[in-house]
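# Examining the three-dimensional arrangement
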Amino acid sequence: MRGAALTEADAVKERKAGRDVVVCGQDKAANKNLARGIEQMANGKYKLCLPHYATGGQGLPHFQPDPRPPDGHCFYETKTRKSKKNP
Amino acid sequence: MKFFTPELYLRFNSPDRSTAEQAEEDWEKALTKYRKHLHKIRPRMTKSVGEIAETLCLHDFTYLGMNVSPILDHAGALAAVMLRNGAKDSILAYFLSEEPLAQEASESWPFSKDKVHWLYDEFDVRPDGAFQHEVLLSNGHILTLRFHELRLLEHEFKTHAVAKRA
């Protein structure tokens, strides 16, 4: 679920605290680069995970620390995979 | 594994941009192919196995381990694969048709082998009718379980306030 808009610095703080963030936008490559940068700044070593089968079309790719902790993920939108908006 | 292979996982994590981009496209194709595969084999599955195969998502759950024990008064054995996500424990109980296999990762596996968690998994039906579940773990190991029935047990820990007696 998409939350309030954040600055990049705030996104890094959120990730350091183990909370999820999502990079939104039409340009998938730019979203991915920004998500990778946020995760790297927040947690150093990272890895990419692509959506699991059971999430269907709803799942978003994400970066996460390797190894954990902290918890959470840095998701990013693609051309076809979008975050849900708050109602 | 046929669909969500360690090799594909390594490719979409490649530092080479074109390799990673191609692998992301291949991943979407693998999801589509697996969906068709599951649709095809689902009629041969039991109700429980079919439902679990269609909906199970343990991605990122901490892998606590596997325990294999004989079933009293039966020839077979039971494997319990235990996982945790926050306050939720999940146990996959396999009524085995063969001993589980654990294939180790190559020495060059680049990701952490600590704090092992579940990455991806896929189901199949073997020619002899037994079911197969393969799991790729974050340390690069692949678990293969062959079984004739499967149950998923879930438990959420809740803390309760305890009143003090005067």
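Anything mentioned here points back to the structure above.
Residues numbered from 1 in each chain as written. Chains lettered and ligands numbered in written order. Predicted model: local features only at pLDDT ≥ 70, side-chain atom pairs only at ≥ 80, totals over all residues. Heavy atoms only, no water.

### Concerning the packing of helix H2 (residues 28-43) of chain A against helix H2 (residues 17-41) of chain B
Between H2(A) and H2(B), the shortest axis-to-axis distance is 13 Å and the interhelical angle comes to 110°. Relative to H2(B), H2(A) is oriented roughly perpendicular. For the element pair H2(A) and H2(B), the recorded crossing hand is right-handed. Contacts between H2(A) and H2(B) involve A:Lys28, A:Lys32 and A:Asn33 from the first element and B:Arg17, B:Ala20, B:Glu21 and B:Glu24 from the second. (Axes fitted to C-alpha atoms, helices over the stretch in contact; angles between N-to-C directions. Helix = DSSP H or I, 4+ residues; strand = E, 2+ residues; numbered from the N terminus. Parallel < 35°, antiparallel > 145°, perpendicular 65-115°, else oblique. Left-handed = near helix turned anticlockwise from the far one by under 90°. Contact = heavy atoms within 4.5 Å.)

### As for the interface of chain B and chain A
Residue-level contacts link 31 residues of chain B with 23 residues of chain A. Here chain B and chain A share an interface that buries about 2200 Å² over both sides, 49% of which is from carbon and sulfur atoms. One can count six salt bridges joining chain B with chain A. Taken together, chain B and chain A are joined by 15 residue pairs in polar contact (both at pLDDT 80 or more). Where the side of chain B that touches chain A is concerned, the elements lending two or more residues are helix H1 (6-12), H2, helix H3 (47-55) and strand S5 (118-125) of chain B. Looking at the side of chain B that touches chain A, the element that brings in the most residues is H2(B), giving 10 residues. (Buried area = accessible area lost by both parts, 1.4 Å probe. Salt bridge = Lys/Arg side-chain N within 4 Å of Asp/Glu carboxyl O. Polar contact = N/O pair within 3.5 Å; in protein donor to acceptor, adjacent residues only side chain to side chain.)

### Let's talk about the packing of helix H1 (residues 8-16) of chain A against H2(A)
Residues and elements named next belong to chain A. At a minimum axis distance of 8 Å, the contact between H1 and H2 shows a crossing angle of 55°. Taken together, the axes of H1 and H2 lie oblique to each other. Seen from above, H1 lies across H2 with right-handed handedness. Side by side, H1 and H2 meet where Glu8, Ala11, Val12, Arg15 and Lys16 of the first sit next to Leu34, Ile38, Glu39, Met41, Ala42 and Asn43 of the second.

### Let's talk about the sheet that holds strand S1 (residues 21-23) of chain A
Residue and element names in this part refer to chain A. Taken in spatial order, the four strands make up an open sheet running S1-S4-S3-S2, and their pairing is mixed. Of all strands in the sheet, those with a lone pairing partner are S1 and strand S2 (46-49), marking the two edges. When the angles between neighbouring strand axes are averaged without regard to direction, this sheet yields 25°. As paired strands, S1 and strand S4 (residues 74-76) are joined by three bridges and run parallel to one another. (Pairing = 2+ DSSP bridges.)

### Description of the nonpolar core
All names here are of chain B. The biggest cluster of nonpolar side chains holds 59 residues, and the ones touching the most others in it are Phe4, Tyr9, Met45, Leu92, Tyr94, Tyr120 and Phe123. The dominant element in this core, judged by the number of residues it contributes, is H2, at seven residues. Setting aside its immediate chain neighbours within four residues, Met45 contacts Leu38, Gly50, Ala53, Phe123, Val125 and Phe131. (Core = buried A, V, L, I, M, F, W, Y, C linked by side-chain atoms within 4.5 Å. Buried < 20%, exposed > 50% of the residue type's maximum accessible area, 1.4 Å probe, protein only.)

### Regarding the layout of surface pockets
Residue and element names in this part refer to chain A. One number sums up the size of the largest pocket: a volume of about 900 Å³. Lining the largest pocket are 35 residues, with Met1, Val21, Val22, Leu60 and Phe75 sitting closest to its centre. At the level of secondary structure, the elements contributing two or more residues to the lining of the largest pocket comprise H1, S1 and H2. In terms of residue class, the lining of the largest pocket is made up of 17 nonpolar, 11 polar and seven charged. (1 Å grid on protein atoms, 1.4 Å probe; cavity = no way out; pocket = protein on both sides within 12 Å on 5 of 7 lines; lining within 4 Å. Points joined across faces, edges and corners; volume = space filled by probe spheres on them. Nonpolar A, V, L, I, M, F, W, Y, C, P; charged D, E, K, R; others polar.)

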